[in-house]
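Listed below are the residues making up each chain.
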Amino acid sequence: MRFVQKKRSTKLIQLMSPSIAMPPKSTKGKEPTLLINGESVLGERWCPIYEKDTNFESSHFEQAMLNIIKQPNINSTVILRADILKERVFDPNEGETTFISKLINTVPDVESKDQGSDVVLLHRDLQDVNIREINLDGCQLYLKNRCEIVRRMIPRNPFKDYIINQTCLVMKTEDEQNVLVVYVPHIHTAEEIPYYLPPVYAVGILYHNHKVSLHYLPFELDNWREEKNKLKNMNLSERPIRIALRLLQTSTKHSSGVKLGYEKRVNHDLVVSKVDFQNRYITLKSKYSSDLVNSWCESTDPKKHVFEDLAIAAFLIEYWKLKKFNKDEFEFRDLGCGNGLLVYILMMEGYRGEGIDARARKSWKMYPPEVQEKLVEKIIVPSILLKPHPSLAKIAPHIKDNGRQFAEPKNNQVNYHTAESLLNSPNVCTTEDFSKNTFLIGNHSDELTCWIPLLEFPFMVIPCCSHALNGNKMRFPPRKVKTALPNQASTSTYGSLVDHVEDIAILNGWQIEKEMLRIPSTRNAAVMSCEKVKPFQGEPQEISQLRVLDIIAMEGGAEGWVENSLNLMKKAPRSH
């Protein structure tokens with residue numbers, strides 16, 4: 001929750017919606033009212049900061065705030081996530097329910113590049129998981145606890161900002177028309193408060209009389225009046241006041257969104273848990289990000305590429321861990337590896353593999369020699385385009401190629417390559433030499449995207465640019481029946497591409513999993529599989545090849561793929 005003003009903010013979808021009650025007239029565009037010189041309805045110890053008129057109901061406010069409690073990164077880019085350690089709900093009709101997380105007695109499993117040195121994970125009093133209380137002496141509202149939560153705040157850089165526990169209280173009056181949400185960090189003094197929180201004992205966000213107001217509770221010391229006066233005398237540009245404004249704006253914005261029926265368009269963490277992924281990401285970022293950004297030699301934006309590939313590597317590592325892949329028992333192949341960064345990260349983490357691309361990159365030379373050796377400049381031509389038809393191969397096993405020739409215009413003349421020469425060329429990868437225990441990665445691999453599910457290896461594809469099996473650019477039509485990624489708009493060009501990759505994989509018998517990756521890219525859908533559905537398991541190779549040929553025919557054929565691949569080696573690399 002780093003409480004700083006963002007230059008940009010995500011816009012909620014605005015829809016017209018009739019009001020059930022009779023709230024004040026539209027407040028759109030109205031600025032919050034400064035209350036800092038007044039007294040708080042919560043009692044004399046509290047200092048009111050800001051208030052804003054609203055046109056939503058208490059139920060909308062409560063729902064929005066419960067979501068923000070579970071996702072504090074909504075309030076700040078400095079916060080990565082919150083782990084809910086304990087939750088106790090008091091329902092007047094259903095009684096009390098309690099949830100205790102298995103994370104309650106653990107420290108986040110992350111490490112730094114310099115583990116064992118002075119660079120250590122920062123955390124404070126994580127063993128303190130007891131619900132904190134607040135002082136409401138003199139409060140004008142009779143509020144009772146309805147929900148008590150202890151959450152663990154995980155900053156994006158826990159080697160710089162402290163991990164702490166925090167109590168979150170949701171309090172309501174009996175008629176449920178007034179709702180107070182309180183944040184109490186498990187901290188003893190203002191000096192211990194992490195930078196991403198205001199230096200106060202508690203923050204209160206109150207919905208009352210169709211207004212939302214923000215209040216601070218100074219630390220419970222004998223000199224609380226002095227601390228309260230310090231708050232009242234603050235300049236509006238000072239950080240605690242700016243934090244208050246930010247919190248108020250976020251709470252009212254998201255409450256309005258709830259009223260208008262806003263729903264998340266994307267669901268994350270369907271395959272790999274958020275906790276496992278983000279812990280791994282923190283570790284990788286600490287180990288590699290600084291050196292990689294500082295030594296970047298490509299013309300592309302280093303921060304985008306470095307942090308994106310760190311996140312993809314974190315996801316892959318946790319995915320392989322989830323699927324019980326042993327580092328020593330499989331290898332990966334990054335097809336269309338581009339700058340080779342993902343290969344470097346995975347190899348540094350102890351995974352064996354290779355990156356293949358039609359063109360070498362300047363960045364390849366910045367990696368250690370053992371990584372450079374695994375970055376290979378080759379074109380990829382699936383062997384099924386060069387070998388004889390399975391029926392012919394069965395009756396004439398001595399025939400090793402399909403006898404075709406492929407033209408390559410070069411220096412005002414035409415060179416011809418035979419299927420036989422390409423099968424034996426050191427500049428061509430047919431994937432036939434990959435071991436059975438190979439996992440394919442297609443990270444924005446363009447022309448290869450639709451091919452990867454047809455290569456008979458477990459895979460993960462992150463589609464980017466849309467190409468047909470012949471290598472030409474192609475815009476795929478939307479599905480007639482929408483079964484795309486959760487909440488993914490199938491009618492978009494990108495959504496149609498993701499759907500098409502999934503459809504090809506399903507036709508080839510793969511058991512598909514899908515995830516919207518937490519990466520800094522709008523092209524963040526991943527389609528993956530580690531095994532085929534039961535009817536396709538253990539089938540003869542001839543049957544698999546015939547099915548792939550059928551799929552290629554259904555896709556309009558692959559005529560031109562070889563020629564397009566040969567041309568790739570003569571073109572400058574794309575930067576995306």
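Basis of the calculations
- Residues numbered from 1 in each chain as written.
- Predicted model: local features only at pLDDT ≥ 70, side-chain atom pairs only at ≥ 80, totals over all residues.
- Heavy atoms only, no water.
- Helix = DSSP H or I, 4+ residues; strand = E, 2+ residues; numbered from the N terminus.
- Buried < 20%, exposed > 50% of the residue type's maximum accessible area, 1.4 Å probe, protein only.
- Contact = heavy atoms within 4.5 Å.
- Expected span 1.5 Å × (residues − 1).
- Polar contact = N/O pair within 3.5 Å; in protein donor to acceptor, adjacent residues only side chain to side chain.
- Pairing = 2+ DSSP bridges.
- Axes fitted to C-alpha atoms, helices over the stretch in contact; angles between N-to-C directions.
- Phe/Tyr/Trp six-rings, centres within 6.5 Å; stacked < 30°, edge-to-face > 60°.
- Domains from an automatic or database assignment.
- Buried area = accessible area lost by both parts, 1.4 Å probe.
- Salt bridge = Lys/Arg side-chain N within 4 Å of Asp/Glu carboxyl O.
- Core = buried A, V, L, I, M, F, W, Y, C linked by side-chain atoms within 4.5 Å.

A.B. asks: Is there a simple way to explain the overall build of the chain in this structure?
C.D. replies: Helix and strand counts for the chain stand at 12 helices and 21 strands. With respect to the principal axes defined by its C-alpha atoms, the chain has extents near 95 × 55 × 45 Å. Buried positions account for 52% of the 576 residues belonging to the chain. Put simply, 67% of the contacts in the chain that link residues at least 6 apart link residues at least 24 apart.

A.B. asks: Mind showing me how you'd approach helix H5 (residues 302-322) here?
C.D. replies: Along an α-helix, a turn takes 3.6 residues, which lines up residues three or four apart on a common side. Here H5 contains 21 residues, and its C-alpha end-to-end distance of 30 Å stays within 8% of the 30 Å for a straight helix at 1.5 Å per residue. The element H5 is largely enclosed, with a buried count of 15 among its 21 residues. Structurally, the start of H5 carries an N-cap: the backbone nitrogen of Lys 303 is 3.2 Å from a side-chain oxygen of Asp 301. Residue Lys 324 follows H5 closely and has a positive phi angle near 60 degrees.

A.B. asks: Would you explain the sheet that holds strand S19 (residues 459-462) in this entry?
C.D. replies: Two pairing modes exist for strands in a sheet, parallel and antiparallel, and in both the strands are linked by backbone hydrogen bonds. Reading across from one edge, S13-S12-S11-S18-S19-S21-S20 is the order of the seven strands in this open sheet, with mixed pairing throughout. Because the sheet does not close on itself, it has two edges, and the strands there are strand S13 (375-377) and strand S20 (513-516). The average undirected angle you get between the axes of adjacent strands in this sheet is 20 degrees. Pairing analysis gives four bridges linking strand S18 (residues 438-443) to S19, with the strands arranged parallel. Following the sheet pairing, Gly 442 is matched in S19 by Val 461. Along the sheet face, H5 touches strand S11 (331-335), S18, S19, S20 and strand S21 (525-529) and points at about 150 degrees away from the line of S18. Against the sheet, helix H6 (residues 341-348) contacts S11, strand S12 (353-357), S13 and S18, and its axis sits at roughly 165 degrees relative to S11.

A.B. asks: Explain the packing of aromatic side chains to me, please; I cannot follow it from the model alone.
C.D. replies: Each aromatic ring pair is characterised by the separation of its centres together with the angle its planes make. Going through the model one piece at a time under the given rule, you end up with 18 aromatic pairs. Seen from their ring centres, Tyr 201 and Phe 219 are 6.0 Å apart, and the 80 degrees between their planes marks the pair as edge-to-face. Pair noted here: Tyr 201 is in the loop between strand S8 (179-185) and strand S9 (202-208) and Phe 219 is in the loop between strand S10 (211-217) and helix H2 (224-232), with a separation of 18 residues, a long-range link. Across the pair, exposure class does not vary: Tyr 201 and Phe 219 are buried alike. When the ring of Tyr 344 is compared with that of Tyr 367, the centres are 5.0 Å apart and the planes differ by 15 degrees; the resulting orientation is stacked. Remark: Tyr 367 occurs in the loop between S12 and helix H7 (369-372) and Tyr 344 occurs in helix H6; sequence separation between them is 23 residues.

A.B. asks: I would appreciate a short explanation of the domain arrangement of the chain in the present structure.
C.D. replies: Considered domain by domain, the chain is made up of domain 1 (33-260) and domain 2 (274-478 + 490-569). Spacing between the C-alpha centres of domain 1 and domain 2 amounts to 46 Å. Opposite the 15 residues of domain 1 that make contact, domain 2 presents 10 residues. Taken together, the two surfaces of domain 1 and domain 2 that pack against each other cover about 1200 Å², and 53% of this comes from carbon and sulfur.

A.B. asks: Would you explain the side chain of Arg 479 in this entry?
C.D. replies: Counting through the fold element by element, Arg 479 comes out in the loop between S19 and helix H10 (493-507). In this structure the side chain of Arg 479 is engaged in a polar contact, spanning 3.1 Å, whose partner is the side chain of Glu 502. Of the polar contacts made by the side chain of Arg 479, one reaches the side chain of Asp 503; its length is 2.6 Å.

A.B. asks: Help me understand the pattern of salt bridges in this model?
C.D. replies: One side chain can pair with another of opposite charge once the charged atoms of both are near each other. What the rule picks out here adds up to 27 salt bridges. One salt-bridge network, held together by shared partners, links Arg 479, Asp 499, Glu 502, Asp 503 and Lys 514.

A.B. asks: I tried to follow unusual backbone geometry on my own but got confused; where do I start?
C.D. replies: The phi torsion of most residues other than glycine is negative, and most of the peptide bonds are trans. A positive phi is found at His 444, a non-glycine position, where the angle reads about 55 degrees. Looking at where His 444 falls in the secondary structure, it is placed in the loop between S18 and S19. Judged by relative accessible area, which is 9%, His 444 ranks as buried. Phi at Asp 446 is positive, roughly 50 degrees, even though this residue is not glycine. Considering the arrangement of structural elements, one finds Asp 446 in the loop between S18 and S19.

A.B. asks: For this particular structure, what's the right way to read H10?
C.D. replies: A rise of 1.5 Å per residue sets the reference length of H10, with its 15 residues, at 21 Å; its end C-alpha atoms lie 21 Å apart and thus fit the reference within 8%. The buried fraction of H10 amounts to 11 of the 15 residues, a majority that puts the element mostly inside the structure. Where H10 is concerned, the buried positions are Tyr 494, Gly 495, Ser 496, Leu 497, Val 498, Asp 499, His 500, Val 501, Glu 502, Ile 504 and Ala 505. In this fold, the buried residues of H10 make contact with S19, S20, S21 and helix H11 (541-554).

A.B. asks: Would you explain the nonpolar core in this entry?
C.D. replies: Nonpolar side chains tend to gather and get buried jointly when the protein is soluble and globular. Formed by 45 residues in total, the largest nonpolar core has its most connected members in Leu 335, Leu 440, Trp 451, Leu 454 and Phe 459. At the level of secondary structure, the elements contributing two or more residues to this core comprise strand S14 (379-380), helix H9 (419-423), strand S17 (428-429), S19, H10, S21, H11 and helix H12 (561-568). Among the elements that make up this core, the one with the highest residue count is H10 (six residues). Leave out the neighbours within four places in its chain, and Leu 454 touches Leu 469, Ile 504, Asn 508, Val 548, Ile 551 and Ile 552.

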